[in-house]
Amino acid sequence: MPGYLTVNVEGRGLLAKEINSINIPGRDGDYILESKYPPREIKVYYYITADSHPEWLERMQKLNQVLQTNEDVEFYFQDENCKRYGRVIKTMDPPYDSHRGIGYFIIYCQDPWAYKSIKSFNGEIITSNQYPVKIEEISFTVSNSTNLVKIINSTTGKKIILSGDFKSGDKVRITFDEIKVNERNRMNWLDPMVSDYHSFELYSGDKLIVNNAKELVVNYRERLI
């Protein structure tokens, strides 16, 4: 946008996990129940300038229109090779008695991760990252008719079990919002009692095995914290 310049960004550095713990009488210290990464707040300082006050107000209105959303949106900064998701929750305008000045806005990222470009693999995840990858999609073709398909991380043992009337040549596509067979919704074929669908993860070096399947492709993104 003409007259706009990002001058500094805060909040992309170190991020420690939040600890949920309880005190147990007679025991030193606490007992940790869980730990997780908290959301991020990224503070963006900007410099905006104009030749007149009406032009300055017009540019501020355009900036306001860009920043206002009702849901998380994808955004990125030019000094990093990844994208993030968030929404603006707080702003501060530059001084009103000038045609130029510094303000800021804060982006709330309920998902604290940053994501790199989509990669694909057909068996073993290879990354230099210690974090689990974000699985965008698992797709494959059923080799022979069957009523049971197992997607297994052979390293960790976590699995997704599908029970249904699979035919040879069926195209299966799994995301973590939906399960489709030949583009028809087959979420009801998921066996929730034995599947790790919502906690299924892949790390670098993990191997994925799908029984009675061919043309296996996994699209994923490396995560950065």
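Bear in mind that the values here come from a model prediction, so they are computed numbers and not experimental data.

Rules used in this analysis
Residues numbered from 1 in each chain as written. Predicted model: local features only at pLDDT ≥ 70, side-chain atom pairs only at ≥ 80, totals over all residues. Heavy atoms only, no water. Phe/Tyr/Trp six-rings, centres within 6.5 Å; stacked < 30°, edge-to-face > 60°. Helix = DSSP H or I, 4+ residues; strand = E, 2+ residues; numbered from the N terminus. Buried < 20%, exposed > 50% of the residue type's maximum accessible area, 1.4 Å probe, protein only. 1 Å grid on protein atoms, 1.4 Å probe; cavity = no way out; pocket = protein on both sides within 12 Å on 5 of 7 lines; lining within 4 Å. Points joined across faces, edges and corners; volume = space filled by probe spheres on them. Nonpolar A, V, L, I, M, F, W, Y, C, P; charged D, E, K, R; others polar. Expected span 1.5 Å × (residues − 1). Arc of directions from axis to C-beta. Contact = heavy atoms within 4.5 Å.

By the definition in use, this model includes nine aromatic pairs. For the ring pair tryptophan 113 and tyrosine 131, a centre distance of 5.1 Å and an interplane angle of 70 degrees mean the geometry is edge-to-face. Placement of the pair is tryptophan 113 in the loop between strand S7 (100-109) and strand S8 (114-121) and tyrosine 131 in the loop between S8 and strand S9 (134-142), with a sequence separation of 18 residues. Judged by relative accessible area, which is 12%, tryptophan 113 ranks as buried.

As a volume, the largest pocket reaches approximately 640 Å³. Lining the largest pocket are 22 residues, with Tyr4, Thr6, Tyr76, Phe77 and Phe105 sitting closest to its centre. Elements supplying a minimum of two residues to the lining of the largest pocket: strand S1 (4-10), helix H1 (53-67), strand S5 (73-75), strand S6 (84-92) and S7. Class assignment for the residues of the lining of the largest pocket results in 15 nonpolar, four polar and three charged. Lining the second largest pocket we find 16 residues, and of these Lys134, Ile135, Phe176, His198 and Arg223 sit closest to its centre. Here the element with the most residues in the lining of the second largest pocket is S9; it accounts for three residues.

Let us now look at H1. With 15 residues, H1 ought to run about 21 Å at 1.5 Å a step, and its terminal C-alpha atoms sit 21 Å apart, in line with that. Residues Trp56, Arg59, Met60, Leu63 and Leu67 constitute the buried set of H1. Buried positions in H1, seen along its axis, are confined to an arc of 100 degrees and lie on one side of it. Summarising the geometry of H1, the exposed residues directed more than 90 degrees from the buried face are Pro54 and Gln65. The inward-facing, buried residues of H1 contact S1, strand S4 (40-49), S6 and S7.

These figures capture arrangement, not role.
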